[in-house]
Amino acid sequence: MGESFLKDAIDRIVEMAAPKTYQIGPYTYASRDLELVDTAPSRPKDFCVDTLSGLVRIIKEEGARLDVKLLVQVEDQRHVAVWSDYLGDRVERARKYDRWRLYTAEADVPRITVGQYMDQQQAIIELQSLHNATPDRDYLLDLLSKIDVTQGVKSTDNGVTQEATVKTGVVLKDTVPVKPIVELQPFRTFLEIDQPVSKFLLRVDEHGRAGLFEADGGAWKLEAKRSIAKWLSDALAEQIEAGKVVVMI
């Protein structure tokens, strides 16, 4: 009898621990979080490319033939995502308000050094390899070439303008005015579009190291997103006109 009582108690505990559903008005609630167990995939895995050209090609070759409208969203200056609209009953096993993330593009561009000081060699390499040629880029390269780190640099900085006194021998000194704000065009977004020009605050420390600090409040990111959306809108003009694609920021 003891074993029977114990078995009944265990069965009762198991029954009480099982998830339950409750109908309250038009809504159905569960007593615990439930996860869908699905033996077959119910949605395609998103396909990733690293160029806007690749994204446009897969949209034209495959996406435009799907029975969904494609929503091309420029998420930021490096990422674009392509979503389906609400699927409703058009796709088997899809819930009414499902969306599918079908394609993504992630810009394969290097990251520039911002917000910290760089030694001469690193600064020169980055300016030569990670920036488009602009007058201010050439100015920075010329400035760095005049700094002799082994002899030292004395700087005067009032927060608005700065002067770096460069020692060029035992007694001779050359005072080089340092522009407080420079406009540069680094590679920071998809290479198919024009890289946005943005302002940087330039500082040179006592060791001759140059530091670039963003001075446009991140406005270049919005400019990059608009340029990406414009490029995609032009490349997908036919699909947009047919109502198959929407491009948005």
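One structure accompanies this document, and this report is about it. (Residues numbered from 1 in each chain as written. Predicted model: local features only at pLDDT ≥ 70, side-chain atom pairs only at ≥ 80, totals over all residues. Heavy atoms only, no water.)

**What about the pairing of strand β6 (residues 101-106)?**
Thought 1: Where strand β3 (residues 47-49) lies against β6, three bridges are found, and the strand directions are parallel. Bridge pairing links valine 49 to alanine 105 in β6.
Thought 2: Where strand β5 (residues 79-84) and β6 come together, five bridges link them in antiparallel fashion. Pairing of alanine 81 across the sheet is with threonine 104, part of β6. (Pairing = 2+ DSSP bridges. Helix = DSSP H or I, 4+ residues; strand = E, 2+ residues; numbered from the N terminus.)

**Details of the pairing of strand β12 (residues 198-204)**
Thought 1: Where burial is concerned, most of β12 is hidden: five out of the seven residues are buried.
Thought 2: Connecting β12 to the next strand, strand β13 (residues 210-214), in antiparallel fashion are five residues, including glycine 208 with a positive phi near 80°. (Buried < 20%, exposed > 50% of the residue type's maximum accessible area, 1.4 Å probe, protein only.)

**With respect to the pattern of salt bridges**
Should the charged atoms of two oppositely charged side chains come close, the side chains can pair.
Thought 1: Counted by the stated rule, this structure contains six salt bridges.
Thought 2: For lysine 179, the salt bridge identified is with aspartate 136, shortest N-O distance 2.6 Å. Of this pair, lysine 179 sits in the loop between β10 (173-178) and β11 (181-184) while aspartate 136 is found in helix α4 (residues 135-145), placing the two residues 43 residues apart along the sequence.
Thought 3: Residue class for aspartate 136 comes out buried when judged on its relative accessible area of 13%. (Salt bridge = Lys/Arg side-chain N within 4 Å of Asp/Glu carboxyl O.)

**A closer look at the sheet that holds β13**
Thought 1: The antiparallel open sheet is built from four strands, whose spatial order is β7-β13-β12-β11. Each edge of the sheet is formed by a strand with only one pairing partner; in this case those strands are β7 (117-118) and β11.
Thought 2: Summarising the sheet, β7 and β13 pair through two bridges and their orientation is antiparallel. What sits directly across from tyrosine 117, in β13, is glycine 211.

**Side note on the packing of aromatic side chains**
Thought 1: Tallied over the entire structure, the rule returns one aromatic pair.
Thought 2: Ring centres 5.8 Å apart and planes at 75° place the aromatic pair tyrosine 117 and phenylalanine 213 in the edge-to-face group. Residue tyrosine 117 is found in strand β7, and its partner phenylalanine 213 is found in strand β13; the two are separated by 96 residues along the sequence.
Thought 3: Against the face of tyrosine 139 rests lysine 179, its NZ or CZ located 5.3 Å from the ring centre.
Thought 4: Over the aromatic face of tryptophan 220 sits the side chain of arginine 188, whose NZ or CZ is 3.6 Å from the ring centroid. (Phe/Tyr/Trp six-rings, centres within 6.5 Å; stacked < 30°, edge-to-face > 60°. Lys NZ or Arg CZ within 6 Å of the ring centre and 35° of its normal.)

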